[in-house]
Amino acid sequence: MIRPHDSVIVHTLARVFIPIIQLFALYVLIHGHDSPGGGFQAGTLFAASFILPVIAFGIQGSLTVLERRAIILGGIGILLFAGIGLIPLLLGEEFLNYGELPIPGMEASARRHLGILGIEIGVTIAVAATAVSIYYSLRERGEGEGN
Amino acid sequence: MMLFDDYLLLTLVIVTALGAVFVRDLFSGVLTLAAYSFFLALLWAGLGAVDVAFTEAVVGAGLSTLFFLVALFLTSHQEEVRKQFKVQMMALGSLGILGFLLLFGSVDLPVVGDPESLPSKHVSSHYLKKSLEETDTPNVVTAVLADYRGFDTLGETTVIFTAGIACWMLLRRRDDSAT
């Protein structure tokens, strides 16, 4: 059995690093068009920032109903992805053809740029929620077993 | 053409992979596996696949390490050694065959970056030439993943979500299934 570390250094570093990881995840998501990265990496980083506290501070307290149902948020992320793809389909174009998104005053390439950002946000939400949900499931299993 | 540091990284990948298998203490095993993923990420970056390297670093070295650590909270961190000679021999044999098939298949792969190879002649040249103009996205990998091959990415995300649902159904406590 691994116990949480009671070192001040570990606790302080975790407190400093968690917001930095989240800020970096946001950068990776928004800057995915220009540099390596995108929805998958950003979602994983977001999830890691939620899971890191347990390494530093240990498992304490029981889960809320919201935490038990975190997987629902993953479904919302996929629905956002598929929903953006569905808009062109409803307008008589191909599924996921962002060039035909009904945004006035924009060129097709700019609409594609925006569509990519939209689905990347969906991927981020889905990946982050799924990873966090797997972690919460593991934690739930550990509850009431001498932790 | 592989450089000297590629061979060095490849050696480190193999050494850390073997270490992760043979080390008895599971905590050390998890950290060795993280080191393995990190060296693999460096290898990808050296081959020019920066997006793959990034994914390997955050998923392999980051998130899966965290999952293993949380799982270790719930169990003992010493490996229980069971001597099952027959199973071990079967695993060794099937892995040997798999390794041979992979090596056999890799003979037909084109040289990395060869412009005359079949994958380079197909749609990828269109992506490289036109993606900035068509999607306003300088990173070709993002344009291919999210736009040209968006349907595949939707499928991949659904696979991850499905894995999450499976974990949730397997690991949740039974007593709240009625609520």
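Cut-offs applied
Residue positions are given per chain, counted from 1 along the sequence in the order it is written. Think of it this way: whatever chain is written first is A, whatever ligand is written first is 1, and the rest follow in order. Totals for whole chains, interfaces and linings use all residues, but because this is a predicted model, local features are given only for residues with pLDDT of at least 70 and pairs of side-chain atoms are given and counted only at 80 or more. For side-chain calculations, the full set of non-hydrogen atoms in the structure is used, while hydrogens and water are omitted. In this text, helices come from DSSP runs of H or I with a minimum length of four residues, and strands from runs of E with a minimum of two, each type numbered from the N-terminal end. Only heavy atoms matter for contacts: two residues are in contact if any of them lie within 4.5 Å across the pair. The quantity called the radius of gyration is restricted to C-alpha atoms. Its globule counterpart is 2.2 Å times the number of residues to the power 0.38. Throughout, exposure labels follow a simple rule: accessible area from a 1.4 Å probe, protein chains only, divided by the maximum for the residue type, with under 20% read as buried, over 50% as exposed, and the rest as partly exposed. Simply put, the buried area is the total loss of 1.4 Å probe accessible area from both parts when two parts are fitted together. A carboxyl oxygen of Asp or Glu within 4 Å of a side-chain nitrogen of Lys or Arg is what we treat as a salt bridge. Ten residue types, Ala, Val, Leu, Ile, Met, Phe, Trp, Tyr, Cys and Pro, are classed as nonpolar, four, Asp, Glu, Lys and Arg, as charged, and the remainder, Gly among them, as polar. Axes here mean lines fitted to C-alpha atoms, for a helix over just the part in contact, with angles spanning 0 to 180 degrees between N-to-C directions. Orientation is classified from the angle alone, with under 35 degrees giving roughly parallel, over 145 giving roughly antiparallel, 65 to 115 giving roughly perpendicular, and any other angle giving oblique. Domain start and end points were adopted from an automatic or database domain assignment. What we call a nonpolar core is a set of buried Ala, Val, Leu, Ile, Met, Phe, Trp, Tyr and Cys residues that are connected through their side-chain atoms within 4.5 Å. For Phe, Tyr and Trp, rings pair up if their centres lie within 6.5 Å, where Trp contributes its six-membered ring, and each pair is then called stacked (planes under 30 degrees apart), edge-to-face (over 60) or tilted (otherwise). As a per-residue measure, pLDDT tells how confident the predictor is, with possible values from 0 to 100. Every patch collects residues that have over 30% relative accessible area and no salt bridge, joining them within 9 Å if they carry like charges and within 5 Å if they are nonpolar side chains (Val, Leu, Ile, Met, Phe, Trp, Tyr). Residue-level accessible areas treat just the shown protein chains as cover; the underlying method is Shrake-Rupley with a 1.4 Å probe.

Q: I'd like to hear about the overall build of chain A, residue by residue, with values.
A: Broken down by element type, chain A carries 5 helices and 0 strands. Helices and strands appear in chain A in the N-to-C order α-α-α-α-α. Within chain A, contacts between residues separated by at least 24 positions form 65% of all contacts whose residues are at least 6 apart in sequence.

Q: If you had to explain the overall build of chain B to someone new, which residues and values would you point to?
A: In terms of regular secondary structure, chain B is built from 8 helices and 0 strands. Written out in order from the N terminus, the α and β elements of chain B read α-α-α-α-α-α-α-α. For chain B, whose C-alpha radius of gyration is 21 Å, the value lies well above the compact-globule estimate of 16 Å for 179 residues. In terms of overall dimensions, chain B has C-alpha extents of about 55 × 50 × 25 Å along its principal axes. Out of the 179 residues in chain B, the part that is buried amounts to 27%. Sequence-distant contacts, at least 24 apart, represent 41% of the contacts inside chain B between residues at least 6 apart.

Q: Please provide a residue-by-residue account of the interface of chain B and chain A, values included.
A: Taken together, the contact pairs 48 residues of chain B with 56 residues of chain A. Summed over both sides, the interface between chain B and chain A buries roughly 4,700 Å², with carbon and sulfur atoms accounting for 72% of that surface. Scanning the region where chain B abuts chain A turns up 1 salt bridge. Arg112(A) is the partner of Asp147(B) in a salt bridge, and the nearest nitrogen-oxygen pair spans 2.9 Å. Those elements giving two or more residues to the side of chain B that touches chain A turn out to be helix H3 (50-73), helix H6 (124-135), helix H7 (140-148) and helix H8 (150-171) of chain B. Looking at the side of chain B that touches chain A, its residues break down into 25 nonpolar, 14 polar and 9 charged.

Q: Can you explain the packing of helix H2 (residues 26-46) of chain B against H3(B)? Please cite residues and give values.
A: Residues and elements named next belong to chain B. Close contact between H2 and H3 brings their axes to 8 Å; oriented N to C, the two are set at 175°. Judged on the interaxial angle alone, H3 and H2 are roughly antiparallel. In contact with Leu26, Phe27, Val30, Leu33, Ala34, Ser37, Phe38, Leu40, Ala41, Trp44 and Ala45 of H2, H3 contributes Val52, Ala53, Glu56, Ala57, Gly60, Ala61, Thr65, Phe68, Leu69 and Leu72. For the contact of H2 with H3, the class distribution of residues is 17 nonpolar, 3 polar and 1 charged.

Q: I'd like a description of the domain arrangement of chain B, backed by residues and values.
A: Structurally, chain B comprises domain 1 (1-81) and domain 2 (122-174). Relative placement of domain 1 of chain B and domain 2 of chain B: their C-alpha centres are 24 Å apart.

Q: Describe the nonpolar core, naming the residues involved and giving the relevant values.
A: Core analysis: the largest hydrophobic core is formed by 17 residues, its most contacted members being Ile78(A), Phe81(A), Ile84(A), Tyr98(A), Ile119(A) and Val123(A). Broken down by secondary-structure element, the contributors of at least two residues to this core are helix H4 (71-90) and helix H5 (108-142) of chain A together with H8 of chain B. Here this core takes 5 residues from H5(A), the largest share from any one element. Dropping the residues within four chain positions of it, Phe81(A) is found in contact with Leu96(A), Tyr98(A), Ile119(A), Val123(A), Gly150(B), Thr153(B), Leu154(B) and Thr157(B). Counting 16 residues, the second largest nonpolar core, distinct from the first, contains Ala131(A), Leu63(B), Phe67(B) and Leu171(B).

Q: Which residues make up the packing of aromatic side chains, and what are the values?
A: All chains considered together, the criterion is met by 6 aromatic pairs over all chains. Summarising the aromatic geometry, the rings of Phe24(A) and Phe54(B) are spaced 6.3 Å apart at their centres and angled 45° between planes, so their arrangement reads as tilted. Of this pair, Phe24(A) sits in helix H1 (residues 8-30) while Phe54(B) sits in helix H3, each in a different chain.

Q: Which residues make up the confidence of the model for chain B, and what values go with them?
A: The predicted model of chain B has a mean per-residue pLDDT of 85, with 95% of residues at 70 or higher. With a pTM of 0.82, the predicted complex shows an ipTM of 0.84.

Q: Quick one: what's the story with a nonpolar patch on the surface, residue by residue and with numbers?
A: Taken together, the side chains of Tyr7(B), Leu10(B), Ile14(B), Leu18(B), Val21(B) and Phe22(B) present a nonpolar region at the surface, about 630 Å² in accessible area. Mapping Ile14(B) onto the fold places it in helix H1 (residues 4-22).

Q: Lay out the environment of Leu72(B) with the relevant residues and their values.
A: Structurally, Leu72(B) is set in helix H3. Sequence separation of Leu72(B) and Phe27(B) is 45 residues, and the distance between their C-alpha atoms is 7.5 Å.

Q: So what's going on with unusual backbone geometry? Which residues, and what values?
A: Residue and element names in this part refer to chain A. In this structure, Leu96 is a non-glycine residue whose phi angle is positive, near 65°. Looking at the element boundaries, Leu96 is found in the loop between H4 and H5. A relative accessible area of 6% places Leu96 in the buried class.

Q: Please give an account of the environment of Asp108(B) that cites residues and values.
A: Residues and elements named next belong to chain B. One can find Asp108 in the loop between helix H4 (85-106) and helix H5 (118-121). Residue Asp108 is classed as exposed on the basis of its relative accessible area of 71%. Along the backbone, Asp108 and Asp6 are 102 residues apart, and their C-alpha atoms lie at a distance of 21 Å.

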